[in-house]
Structures are given as C-alpha cells and as structure tokens.
Amino acid sequence: MKIIMLGAPGAGKGTQAKQIAGKYNIPHISTGDIFRANIKNNTELGQKAKTYMDQGLLVPDELTCDLVVDRIQQDDCVNGFVLDGFPRTIPQAEALENALAKLNESMDFAIDVDVPDENIVNRMSGRRACLKCGATYHIVSIPPKKEGVCDNCGSELVIRDDDKPETVQKRLNVYHEQTQPLIDFYSKKGILKSVDGTQPMDKVFEDIVNILGA
Ligand code: ADP
Ligand code: AMP
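Rules and cut-offs
Residues numbered from 1 in each chain as written. Chains lettered and ligands numbered in written order. Predicted model: local features only at pLDDT ≥ 70, side-chain atom pairs only at ≥ 80, totals over all residues. Heavy atoms only, no water. Helix = DSSP H or I, 4+ residues; strand = E, 2+ residues; numbered from the N terminus. Rg over C-alpha atoms; globule rule 2.2 N^0.38 Å. Buried < 20%, exposed > 50% of the residue type's maximum accessible area, 1.4 Å probe, protein only. Contact = heavy atoms within 4.5 Å. Areas by Shrake-Rupley, 256 points an atom, 1.4 Å probe, with all protein chains shown as cover. Lys, Arg positive; Asp, Glu negative; His and termini not counted. Charge placed at Lys NZ, Arg CZ, Asp CG, Glu CD. Axes fitted to C-alpha atoms, helices over the stretch in contact; angles between N-to-C directions. Parallel < 35°, antiparallel > 145°, perpendicular 65-115°, else oblique. Nonpolar A, V, L, I, M, F, W, Y, C, P; charged D, E, K, R; others polar. Expected span 1.5 Å × (residues − 1). Arc of directions from axis to C-beta. Pairing = 2+ DSSP bridges. Phe/Tyr/Trp six-rings, centres within 6.5 Å; stacked < 30°, edge-to-face > 60°. Lys NZ or Arg CZ within 6 Å of the ring centre and 35° of its normal. Near = heavy atom within 4 Å. Polar contact = N/O pair within 3.5 Å; in protein donor to acceptor, adjacent residues only side chain to side chain.

## Things to note about the overall build of the protein
Across its full length, the protein holds 9 helices and 7 strands. The globule rule puts the C-alpha radius of gyration for 214 residues at 17 Å, and the 16 Å found for the protein is close to it. Based on the C-alpha atoms only, the size of the protein along its principal axes is roughly 45 × 40 × 35 Å. Considering the protein as a whole, with its 214 residues, one finds that 47% of them fall into the buried category. If you take every contact in the protein between residues at least 6 apart in sequence, the share linking residues at least 24 apart comes to 70%. Accessible surface computed for the protein: about 10800 Å², of which carbon and sulfur atoms make up 48%. Each charge class in the protein was averaged separately, 25 positive and 31 negative side chains, and the resulting centres sit 4 Å apart.

## Describing the packing of helix H2 (residues 31–40) against helix H4 (residues 61–71)
It is the contact of H2 with H4, at a shortest axis distance of 11 Å, that shows an interaxial angle of 105°. Looking at the two axes, H2 sits roughly perpendicular to H4. Between H2 and H4, the residues in contact are Thr31, Ile34 and Phe35 and Leu63, Thr64, Leu67 and Val68, respectively. Grouping the constituent residues of the contact of H2 with H4 by class yields 5 nonpolar, 2 polar and no charged.

## Examining helix H7 (residues 165–179)
In this model, H7 (15 residues) spans 20 Å end to end at C-alpha, consistent with the 21 Å of a helix rising 1.5 Å per residue. When H7 is considered as a whole, its buried residues turn out to be Thr167, Val168, Arg171, Leu172, Val174, Tyr175 and Thr179. The arc enclosing the buried residues of H7, seen along the axis, measures out at 165°, which places them on a common side. Opposite the buried face of H7, by more than 90 degrees, sit the exposed residues Glu166 and Glu177.

## As for the pairing of strand S3 (residues 81–84)
Along S3, one buried face is formed by Phe81 and Leu83 and the opposite face, lined by Val82 and Asp84, is buried too. Of the strand pairs in this sheet, strand S1 (residues 2–6) and S3 are connected by 4 bridges, and their pairing is parallel. Paired with Met5 across the two strands is Asp84, which belongs to S3.

## Some details on the packing of aromatic side chains
Enumeration according to the criterion identifies 1 aromatic pair in this entry. The interplanar angle of 80° and the centroid separation of 4.9 Å between the aromatic rings of Phe185 and Tyr186 together place this pair among those described as edge-to-face. Across this residue pair, the class does not change: Phe185 and Tyr186 are buried. Sitting above the plane of the Tyr24 ring, Lys23 keeps its charged end 5.7 Å from the centroid.

## Focus on the sheet that holds strand S7 (residues 192–196)
Each strand in a sheet pairs with its neighbour through backbone hydrogen bonds, running either in the same direction (parallel) or in the opposite one (antiparallel). Judged by pairing direction, the sheet is parallel, and its 5 strands sit side by side in the order S2-S3-S1-S4-S7 without closing on themselves. Of all the strands in the sheet, the pair left with one neighbour each is strand S2 (28–30) and S7. If you compare each strand with its neighbour and ignore which way they point, the axes differ by 25° on average. As defined by bridge partners, S2 adjoins S3 across 3 bridges and the pair is classed as parallel. Bridge pairing in S3 places His28 opposite Val82.

## Quick notes on the site of ligand 1
Within the structure, ligand 1 sits among 19 residues, and Gly14, Thr15, Arg127, Tyr137 and Gln199 are positioned closest to it. Here an oxygen atom of ligand 1 sits 2.7 Å away from a polar atom, N or O, in the side chain of Arg127. For ligand 1, a nitrogen atom lies 2.8 Å from a polar atom in the backbone of Gln199. A total of 560 Å² of accessible area belongs to ligand 1 in isolation, and the protein chains cover 92% of it. When contributions to the shell around ligand 1 are tallied by element, the ones reaching two or more residues are helix H1 (13–24) and strand S6 (136–138). When grouped by side-chain class, the residues that make up the shell around ligand 1 number 7 nonpolar, 9 polar and 3 charged.

That is the geometry; function is a separate question.
Rendered as structure tokens:
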C-alpha cells in the first residue's frame with residue numbers, strides 16, 4: 001500500500017503516518033525527519049536544507065526529489081510506504097509519479113488531514129519533538145509521561161527551530177501557495193481521501209483505517 005499524507009504543517013501527518021506504518025507494516029518516510037537527521041549530523045545536505053527550513057521555506061525540489069525517489073526503491077518498500085511531508089509541490093508530485101511509472105506502479109491513497117489555520121498555531125506552539133527517535137508530542141493534547149523526556153527513548157524533547165510563531169505563519173502561507181494545489185492534483189487522479197484532523201488522535205486514525213481497510 002502506497003500512501004501520501006497531505007495537510008498543513010502541524011495537521012498531524014507525522015502522528016498518523018507513524019501509526020499507519022505500525023499497523024500496515026510499511027516504512028514511514030518523512031522528508032522533514034530526513035533533513036533534521038542530516039542537520040544533526042552536519043552533512044552538506046543538512047547545511048543546505050537548514051537555511052531554508054529556518055526561514056519557513058521549502059527546501060528546493062532539486063535537493064528533495066532524488067532523495068525520495070531513491071528511498072522508495074529500497075528493499076523495505078516492496079510492500080509500500082507512507083510518505084509524510086512529500087510531495088509538497090506539483091513538480092515533486094510529478095517526479096514521484098514518473099519514478100513510479102517507470103516501475104509500473106502508482107500511488108494508492110493521498111490522505112488529506114484537514115485542520116483549519118486557526119488550530120495550527122496552537123498545535124505547533126505545543127509540539128515537542130525527540131530529535132533522536134523522531135517521536136512527537138503535544139504539551140496539552142498528547143503529553144509525554146514525564147515532562148520534557150521522550151517516552152520511547154528517554155532523550156530530551158525540544159521545540160523545533162521552525163515552530164516559532166513567526167515561522168509558523170510563514171510556513172502556513174507557503175503551504176497554501178505551494179502545497180495545497182496537491183489536493184486538487186490528487187482529487188483529479190481519483191485517490192484523494194479527506195479526514196477531519198481536528199478530532200482526537202485516535203479518532204483520526206480510526207477514520208484513516210476505515211479508508212485504508214483493516
Ligand atoms: P505534522 O507532521 O503534520 O507537521 P504532527 O504530527 O507533528 O504534524 O502534529 C503537530 C502537533 O499536533 C504535535 O504536537 C502533535 O502531538 C499534535 N497532534 C497531532 N494530532 C493531533 C490531534 N488529533 N489532536 C491534537 N493534537 C494533535
Ligand atoms: P516537516 O517536518 O514535514 O514539517 O518539514 C519541516 C521542513 O522541512 C519544511 O518546512 C521544509 O522546509 C522542509 N521540507 C520537508 N519536506 C519537504 C519537501 N517535500 N519539500 C521541500 N521542503 C521540505
């Protein structure tokens with residue numbers, strides 16, 4: 001099963017993608033996580049990506065598409081994958097489509113996690129992330145068992161550099177301009193499904209399982 005998670009930054013794509021990956025036993029591929037790991041390891045890609053991410057801008061397609069096209073051809077993707085944060089532009093969606101077409105394949109579902117802008121600022125200001133294992137929490141709605149400490153790996157939780165309120169507004173603008181057109185793109189392909197992302201995390205997941213099948 002090949003799934004794309006769509007939605008505004010902070011809509012809950014990562015939260016849901018991790019659960020989907022667990023239930024359907026497919027890898028969770030998050031371009032944001034890949035860039036953050038590269039920043040942490042101070043790679044050349046990480047240094048380049050950081051300059052865009054810190055400003056709330058998208059990393060250029062040239063740095064993003066090949067990375068994902070290579071990743072989805074690795075052995076663990078034979079039964080599918082869930083893409084989180086990719087594609088974010090029409091050229092990225094076309095690059096993905098072309099790469100899959102060469103393998104005689106295509107995406108199965110694009111799930112739009114729908115959350116209005118007014119809820120997003122609250123979501124992002126309360127987000128706490130573990131940069132070691134990629135787990136994500138929210139200080140009010142999905143708190144860790146011990147404040148500031150990751151339930152999974154015990155590492156310290158941090159506020160992401162790009163979750164500052166001034167950057168959040170910029171990211172929302174970028175989402176509406178560059179990423180939202182993908183909703184229409186996948187609707188025309190007949191694979192778009194929408195879920196109400198303002199519901200509690202477990203209810204959103206239930207709706208997604210109803211779409212994907214048990
Ligand atoms: P995205 O991957 O779309 O940027 P995340 O999955 O990181 O979003 O979620 C953003 C924030 O909202 C996190 O702090 C997460 O814990 C919280 N969150 C995710 N889903 C829900 C939900 N259904 N209700 C309330 N908070 C949520
Ligand atoms: P995310 O973790 O998905 O919220 O992504 C964090 C940041 O990484 C984004 O604001 C972008 O700067 C960058 N990024 C992640 N995925 C992409 C992508 N597919 N295209 C361009 N930039 C991306």
